[in-house]
Amino acid sequence: MIDLRSDTVTKPGPGMLEAMRNAPVGDDVFGEDPSINQLEKLAAERFGMEAAIFCPSGTMTNQIAIKCHTQPGDEVICDNLSHVYRYEGGGIAFNSGCQVSLLQGDRGRISATQVLGAINAVDDHKSHTALVSLENTANRGGGSCYDFEEILKIKEVCRSNRLKFHLDGARLFNAIVARKEEPKAYGDAFDSISICLSKGLGCPVGSVLLGTRDMITKARRIRKVFGGGMRQAGFLAAAGIYALNNNIERLAEDHKRAKQIADALSKKDFVGDIMPVETNIVIFEVKGRFLAKQLAEKFAEQDIKLIAITSTQIRIVVHLDISEKMCTEILQIIQSL
Ligand SMILES: Cc1ncc(COP(=O)(O)O)c(C=O)c1O
């Protein structure tokens, strides 16, 4: 079975398992897990940020960040397709009591001009605009990447309007590799960054939230309230350390394979628009002979799992567990349909 539904489906390989097996652990609620402490230090240093906190999921790191940066009744500016708004169970309202100001970006990416236009005036009738949240790469934008210049422009809008600036970087390393960028530039630009270890980097569990020392102290308290205080989770942190040291540069292979798959799809009469492939995600329109669900079933008959994300769109995500041989097989199956 070749699973292209998400990059979350990867299983730890021998190197990662060995690192997990050998991890020194302790009770992290007491701050005594050496592997978690090491992961948090490594991640913070990589981005040039003061501190970090290891959490079970990217939803938790995003939601903790939003809670750290806002008060109930505040407004959060984000793209209409963003994960924090669409796919975190209404968490912005549930956890932080905030409302959202949704922007129609370009494949999940919003601009500084749009952000500026969405900031509420100081007025008793209006919600207080507190936070701007970006997503890079943007999942529903087909793995699209921000131009870093635009991020700097948005940062300036945030600075001059006293707004906090958060990045949902669930797949930030995909953007960094694709655009040949430096993690520290992101650390400079944002007040907080969430990175996921359990997506392109191949870990079984885990995300890290980065920020200032004060913010992360607050985040630690909120994580406890959310029920995310973990004990001997250093076995999982060890997988994260392994991933940060071994699984980043190789993301370029996933990007290359995603492009090959998009290329093969572009030659088929049942494929309409394909979103530009910038990283490891391919989102394409299905037309003619099939509905998206029917095409997904056709692939399933050939032992390939993929997801119909709407009645007319399919998403394919390439990841660590898709080998060169599997990619060749996928290309052959696409040709045969
Ligand atoms: C862009 C983005 N942000 C956040 C998340 C949440 O991560 P998790 O599934 O670990 O909660 C996801 C998950 O797919 C995602 O794609």
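Since this is a predicted model, take the numbers as computed values, not measurements.

Thresholds applied
- Counting starts from 1 at the beginning of each chain's written sequence and moves along it residue by residue.
- Given that this is a predicted model, residues contribute local features only at a pLDDT of at least 70 and side-chain atom pairs are listed and counted only at 80 or more, while totals for whole chains, interfaces and linings are drawn from all residues.
- The side-chain figures draw on all heavy atoms in the structure; neither hydrogens nor water molecules are used.
- Runs of E in the DSSP output that reach at least two residues are strands. Runs of H or I that reach at least four are helices, and both are numbered from the N terminus.
- As a reference, a globule follows 2.2 Å times the number of residues to the power 0.38, and the radius of gyration itself is taken over C-alpha atoms.
- For each residue, the accessible area found with a 1.4 Å probe, counting protein chains only, is set against the maximum for its type, and the residue is called buried under 20%, exposed over 50%, and partly exposed in between.
- Exposure was quantified through the Shrake-Rupley algorithm and a 1.4 Å probe, taking into account, for residues, occlusion by the shown protein chains and nothing else.
- The charge count treats Lys and Arg as positive and Asp and Glu as negative. His and the chain ends do not count.
- Note that the charge is assigned to NZ on lysines, CZ on arginines, CG on aspartates and CD on glutamates.
- Note on pairing: two strands pair once DSSP finds at least 2 bridges between them.
- Residue types Ala, Val, Leu, Ile, Met, Phe, Trp, Tyr and Cys, when buried and joined through side-chain atoms within 4.5 Å, form a set referred to as a nonpolar core.
- Note on contacts: a residue pair qualifies if any of its non-hydrogen atoms lie within 4.5 Å across the two residues.
- Note on geometry: axes are C-alpha line fits, over the in-contact stretch for helices, and angles between N-to-C directions span 0 to 180 degrees.
- Two helices crossing with the near one rotated counterclockwise from the far one by less than a right angle form a left-handed crossing, whereas a clockwise rotation gives a right-handed crossing.
- Each residue is assigned to one of three groups, with Ala, Val, Leu, Ile, Met, Phe, Trp, Tyr, Cys and Pro labelled nonpolar, Asp, Glu, Lys and Arg labelled charged, and all others, Gly among them, labelled polar.
- The working definition used for a salt bridge is a side-chain nitrogen of Lys or Arg within 4 Å of a carboxyl oxygen of Asp or Glu.
- Each polar contact in these results corresponds to two N or O atoms within 3.5 Å; when the atoms are within protein, one needs to be able to donate a hydrogen and the other to accept it, and residues that are neighboring in sequence are counted only if both atoms are side-chain atoms.
- We call a residue near a molecule or strand when any one of its heavy atoms sits within 4 Å of it.
- Classification of ring pairs uses Phe, Tyr and Trp, with its six-membered ring standing for Trp, and accepts pairs whose centres are within 6.5 Å; under 30 degrees between planes counts as stacked, over 60 as edge-to-face, and the remaining range as tilted.

**Q** Just checking my understanding: could you explain the overall build of the chain for this structure?
**A** Scanning the chain from terminus to terminus reveals 14 helices and 13 strands. Radius of gyration (C-alpha) of the chain: 20 Å, near the 20 Å computed for a compact globule of 337 residues. Residues counted as buried form 55% of the 337 residues belonging to the chain. For the chain, the exposed area adds up to about 14600 Å²; of that, 51% sits on carbon and sulfur atoms. Charge-centre separation for the chain: the mean point of 41 positive side chains lies 2 Å from the mean point of 42 negative side chains.

**Q** Can you help me understand the pairing of strand β3 (residues 75-79) in this one?
**A** Side chains on a regular strand alternate between the two faces of the sheet. Where burial is concerned, most of β3 is hidden: five out of the five residues are buried. Summarising the sheet, β3 and strand β5 (residues 129-135) pair through three bridges and their orientation is parallel. Looking at the pairing, valine 76 lines up with leucine 131 of β5.

**Q** Mind showing me how you'd approach unusual backbone geometry here?
**A** The bulk of non-glycine residues show a negative phi, and the bulk of peptide bonds are trans. Cis rather than trans, the peptide bond between asparagine 136 and threonine 137 has omega equal to 0 degrees. In this fold, threonine 137 is placed in the loop between β5 and α7 (148-160). Positive phi outside glycine occurs at lysine 180, with the angle close to 55 degrees. Turning to its location among the elements, lysine 180 is positioned in the loop between α8 (172-179) and α9 (183-189).

**Q** Quick question: what am I supposed to make of the nonpolar core here?
**A** Side chains of nonpolar character tend, in soluble globular proteins, to be buried together. In terms of nonpolar packing, the biggest core is built from 52 residues, with Phe47, Val132, Leu134, Ile154, Tyr186 and Ile193 touching the most fellow members. Setting aside residues up to four positions removed in sequence, phenylalanine 47 forms contacts with Leu172, Phe173, Ile176, Pro183, Lys184, Tyr186, Gly187, Ile193, Ile195 and Leu210.

**Q** Before we go on, may I ask you to explain the packing of helix α3 (residues 58-69) against helix α10 (residues 213-225) in this structure?
**A** The angle between the axes and the distance between the axes are what describe a pair of packed helices. The N-to-C vectors of α3 and α10 enclose an angle of 115 degrees; their axes lie 9 Å apart at closest approach. Of the two possible hands of crossing, α3 and α10 adopt the one that is right-handed. In contact with Met60, Ile64, Ala65, Lys67, Cys68 and His69 of α3, α10 contributes Met215, Lys218, Ala219, Ile222 and Arg223. Of the residues that constitute the contact of α3 with α10, the class distribution is seven nonpolar, one polar and three charged.

**Q** Please clarify how the pattern of salt bridges should be interpreted in this entry.
**A** Two side chains of opposite charge can pair, provided their charged atoms sit close to one another. Summed over all chains, the structure comprises 20 salt bridges. Between glutamate 40 and arginine 220 there is a salt bridge; the shortest N-O distance is 3.3 Å. Taken as a pair, glutamate 40 in helix α2 (residues 34-47) and arginine 220 in helix α10 lie far apart in primary sequence, 180 residues in all. Classification of arginine 220 as partly exposed rests on a relative accessible area of 32%. Measuring nitrogen to oxygen at the nearest pair gives 3.2 Å for the salt bridge that ties glutamate 45 to lysine 41.

**Q** Quick question: what am I supposed to make of the pairing of strand β7 (residues 192-196) here?
**A** Most of β7 sits out of view: five of its five residues are buried. Because side chains alternate across β7, one face comprises the buried residues Ser192, Ser194 and Cys196, and the other comprises Ile193 and Ile195, equally buried. Bridge count for strand β6 (residues 164-169) against β7 is four bridges, and the pairing is parallel. Opposite glycine 169, over in β7, you have isoleucine 195 as the bridge partner. Of the pairings in the sheet, the one linking β7 to strand β8 (residues 207-211) comprises four bridges and is antiparallel in character. Note that in β8 the partner of serine 194 across the bridge is leucine 209.

**Q** Mind showing me how you'd approach the side chain of aspartate 79 here?
**A** Within the secondary structure, aspartate 79 is located in strand β3. Comment: no salt bridge for buried aspartate 79; closest opposite-charge side chain is arginine 86, at 6.8 Å. There is a polar contact of 2.6 Å between the side chain of aspartate 79 and the backbone nitrogen of leucine 81. A polar side-chain atom of aspartate 79 sits 2.9 Å from the main-chain amide nitrogen of glycine 105. The contact partners of aspartate 79, leaving out residues within four places of it in the chain, are Leu102, Leu103, Gln104, Gly105, Gly108, Arg109 and Ile110.

**Q** Looking at this structure, I do not really get the site of the ligand. What am I missing?
**A** If you check the shell around the ligand, you find Ser57, Gly58, Thr59, Asn62, His83, Glu88, Glu135, Asn139, Asp168, Ala170, Arg171 and Lys199 and nothing else. Glycine 58 has a polar backbone atom sitting 2.8 Å from an oxygen atom of the ligand. A distance of 2.9 Å separates an oxygen atom of the ligand from a polar atom in the side chain of lysine 199. Look at the ligand: alone it shows 390 Å² of surface, and the protein chains cover 83% of it.

**Q** What is the right way to read the packing of aromatic side chains from this model?
**A** To describe a pair of aromatic rings, you give the distance between the ring centres and the angle between the ring planes. Within this structure, the stated rule accounts for five aromatic pairs. Plain terms: the ring middles of tyrosine 186 and phenylalanine 190 are 6.4 Å apart, the flat faces sit at 5 degrees to each other, and that makes the pair stacked. Members of the aromatic cluster, connected to one another through ring pairs, are Phe148, Phe165, Tyr186 and Phe190.

**Q** I would appreciate a short explanation of the environment of serine 57 in the present structure.
**A** As for its position among the elements, serine 57 is in the loop between β2 (51-55) and α3. Separated by 152 residues in sequence, serine 57 and leucine 209 place their C-alpha atoms 10.0 Å apart. Among the polar contacts listed, one links the side chain of serine 57 to the backbone nitrogen of threonine 59, at a separation of 3.5 Å. There is a polar contact of 3.0 Å between the side chain of serine 57 and the backbone nitrogen of methionine 60.

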